[in-house]
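What follows is the residue order along each chain.
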Amino acid sequence: ELLRRGRRGVVTLDREELLGELELAAAGRLARLRVGLRLGPALGLMGTLIPMGPALMSISRGDLAAMSQDLIIAFGTTVVGLLVGSICYVMLVVRQQWYARDLARVERLVEGAAPRGRP
């Protein structure tokens, strides 16, 4: 669909359409990492705040064992949320570099394959 058959059976390539499709595909793949980048820390924060209520109630009852269990869960989810966000950030930066390099290469190839006299 990106190739066009012109006069005399010559196959041409719609450069802008090809590059646009590749950019959209790369953006779609990067969008999933951006979701993880934002949701990981947000879910970690929620996982921290939710067990804090029962932990505070345990303090008022004098049940230090229950309080310590709730705090372990609370701070553990914080660490996991930050870890997920950090991993997604690193993967996002690396993939952005890969896709930018790939798009530049494809653009150079398409420019080199363009017939003379055409933009």
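All values reported here derive from a predicted model rather than from experimental measurement.

Cut-offs applied
Residues numbered from 1 in each chain as written. Predicted model: local features only at pLDDT ≥ 70, side-chain atom pairs only at ≥ 80, totals over all residues. Heavy atoms only, no water. Helix = DSSP H or I, 4+ residues; strand = E, 2+ residues; numbered from the N terminus. Buried < 20%, exposed > 50% of the residue type's maximum accessible area, 1.4 Å probe, protein only. Contact = heavy atoms within 4.5 Å. Areas by Shrake-Rupley, 256 points an atom, 1.4 Å probe, with all protein chains shown as cover. pLDDT = per-residue confidence, 0-100. Patch = residues over 30% accessible without salt bridge, like charges linked within 9 Å, V, L, I, M, F, W, Y side chains within 5 Å. Salt bridge = Lys/Arg side-chain N within 4 Å of Asp/Glu carboxyl O. Expected span 1.5 Å × (residues − 1). Core = buried A, V, L, I, M, F, W, Y, C linked by side-chain atoms within 4.5 Å.

S.K.: Mind showing me how you'd approach the overall build of the protein chain here?
M.R.: Across its full length, the protein chain carries two helices and two strands. In the protein chain, the succession of helices and strands from N to C terminus is β-β-α-α. Counting the 119 residues in the protein chain, one finds 22% classified as buried. A sequence separation of at least 24 residues applies to 61% of the contacts in the protein chain between residues at least 6 apart. On the protein chain, roughly 8,700 Å² of surface is accessible, and the fraction owed to carbon and sulfur atoms is 66%.

S.K.: Can you help me understand the confidence of the model for the protein chain in this one?
M.R.: The predicted coordinates ought not to be read in detail in places where the model reports low pLDDT. For the protein chain, mean pLDDT is 85; residues scoring 70 or higher make up 83% of the total. Highest mean pLDDT in the protein chain belongs to helix α2 (residues 64–113) (92); lowest belongs to strand β1 (residues 3–5) (52).

S.K.: Help me understand a nonpolar patch on the surface, please; the structure alone is not making it clear to me.
M.R.: Among the surface-exposed residues, V35, L39, L43, M46 and I50 lie close enough to one another that they form a single nonpolar patch of about 490 Å² accessible area. Classification of I50 by relative accessible area gives exposed; the value is 62%.

S.K.: Mind showing me how you'd approach helix α1 (residues 15–61) here?
M.R.: For an α-helix the count is 3.6 residues per turn, leaving residues at separations of three or four pointing the same way. The end-to-end C-alpha distance of α1 is 70 Å, a good match for the 69 Å that 47 residues give at a rise of 1.5 Å each. A positive phi of about 80° marks G62, the residue just after α1.

S.K.: For this particular structure, what's the right way to read the side chain of T48?
M.R.: Following the sequence through the fold, T48 ends up in helix α1. With residues up to four places along the chain from it excluded, the contact list for T48 reads A74, T77 and T78.

S.K.: Help me understand the nonpolar core in this model?
M.R.: For soluble globular proteins, nonpolar side chains are generally found buried alongside one another. Counting residues in hydrophobic clusters, the biggest one holds five residues: A26, L30, L33, L92 and Y99. At the level of elements, α1 and α2 are the ones that each hand at least two residues to this core. For this core, the element with the highest residue contribution is α1, accounting for three residues. Contact partners of L30, with chain neighbours within four places excluded, come to L92, R95, Q96 and Y99.

S.K.: Teacher, can you tell me more about the environment of L71 here?
M.R.: Its place among the elements puts L71 in helix α2. Taking the relative accessible area as the measure of exposure, L71 reaches 22% and is therefore partly exposed. Considering only alpha carbons, one finds L71 and L56, 15 residues apart in sequence, at a separation of 9.5 Å. For L71, the residues in contact, after removing those within four places along its chain, are M52 and A55.

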